[in-house]
Amino acid sequence: MKTIARTALLLVTLGGASSLFAEPQIYGIGVKSCGDYVDTSAALRDGKQEQMLEMHNFISWFIGFASAISVGTGEDVLHDTSAEAMTVWFEEYCAANPAEPFAIAGVELLNSLRQP
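Predicted model only: the values in this text are computed from it and were never measured. (Residues numbered from 1 in each chain as written. Predicted model: local features only at pLDDT ≥ 70, side-chain atom pairs only at ≥ 80, totals over all residues. Heavy atoms only, no water.)

Okay, the overall build of the chain next. Tallying secondary structure elements over the chain gives 5 helices and 0 strands in all. Starting at the N terminus and walking to the C terminus, you meet the elements of the chain as α-α-α-α-α. Counting all 116 residues of the chain, 28% fall into the buried class. Looking at the chain alone, contacts between residues at least 24 apart form 65% of all its contacts between residues at least 6 apart. On the chain, roughly 7400 Å² of surface is accessible, and the fraction owed to carbon and sulfur atoms is 61%. (Helix = DSSP H or I, 4+ residues; strand = E, 2+ residues; numbered from the N terminus. Buried < 20%, exposed > 50% of the residue type's maximum accessible area, 1.4 Å probe, protein only. Contact = heavy atoms within 4.5 Å. Areas by Shrake-Rupley, 256 points an atom, 1.4 Å probe, with all protein chains shown as cover.)

Here it is as structure tokens:
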């Protein structure tokens, strides 16, 4: 019950009660495709350091997204997962699902961390 109350409070605070029934929106780099993530990762491996900021943006967006989920649910959704482990997971998932939005990859990573 406590988790539901926190989540409802977060939703009301962020967007008003009417947003409880609105279609969720994704903002920022989360709307980019998994293919964009894979391209950024490949460019970094090829020594294109100018892609470091783009990779930082992907990972920072996800950490912010995961933090919001943690606050809303009262759970540690990342379970001390390292940034390196996240990037490896995203690389594999996104290579297999290049058309998916990066936000969906983030949701799938969080779902995989919930598995026992």
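Right, let's get into the packing of aromatic side chains. A full pass over the atoms with the stated rule returns 10 aromatic pairs. Both rings, one in Tyr-37 and one in Phe-102, keep their centres 5.4 Å apart while their planes meet at 20°; by these two values the pair is stacked. Of this pair, Tyr-37 sits in helix H2 (residues 34-45) while Phe-102 sits in helix H5 (residues 102-114), placing them 65 residues apart in sequence. The burial state of Tyr-37 is the same as that of Phe-102; both residues are buried. (Phe/Tyr/Trp six-rings, centres within 6.5 Å; stacked < 30°, edge-to-face > 60°.)

A complete count under the given rule lists 2 salt bridges for this structure. In this structure, Glu-54 engages Lys-32 in a salt bridge whose closest nitrogen and oxygen atoms are separated by 2.6 Å. With Glu-54 in helix H3 (residues 52-73) and Lys-32 in the loop between helix H1 (2-15) and H2, this pair connects stretches of sequence that are 22 residues apart. For Glu-91, the salt bridge is made with Arg-45, and the minimal N-O distance between the two is 3.6 Å. (Salt bridge = Lys/Arg side-chain N within 4 Å of Asp/Glu carboxyl O.)

You can see Asn-111 is positioned in helix H5. For the pair formed by Asn-111 and Val-77, sequence separation is 34 residues and the distance between their alpha carbons is 9.0 Å.

Side chains of nonpolar character tend, in soluble globular proteins, to be buried together. Formed by 23 residues in total, the largest nonpolar core has its most connected members in Tyr-37, Phe-62, Phe-90, Cys-94 and Phe-102. Put simply, the parts of the chain that give this core at least two residues each are H2, H3, helix H4 (83-96) and H5. No other element matches H3, which puts 7 residues into this core. Among residues more than four places away in sequence, those in contact with Phe-62 are Leu-78, Met-86, Phe-90, Phe-102, Gly-106, Leu-109 and Leu-110. (Core = buried A, V, L, I, M, F, W, Y, C linked by side-chain atoms within 4.5 Å.)

With a phi angle near 50°, His-79 is a residue other than glycine that sits in the positive phi range. Non-glycine residue Asp-80 carries a positive phi angle of around 60°. For Asp-80, the location among the structural elements is in the loop between H3 and H4. By relative accessible area, Asp-80 is classed as exposed at 76%.

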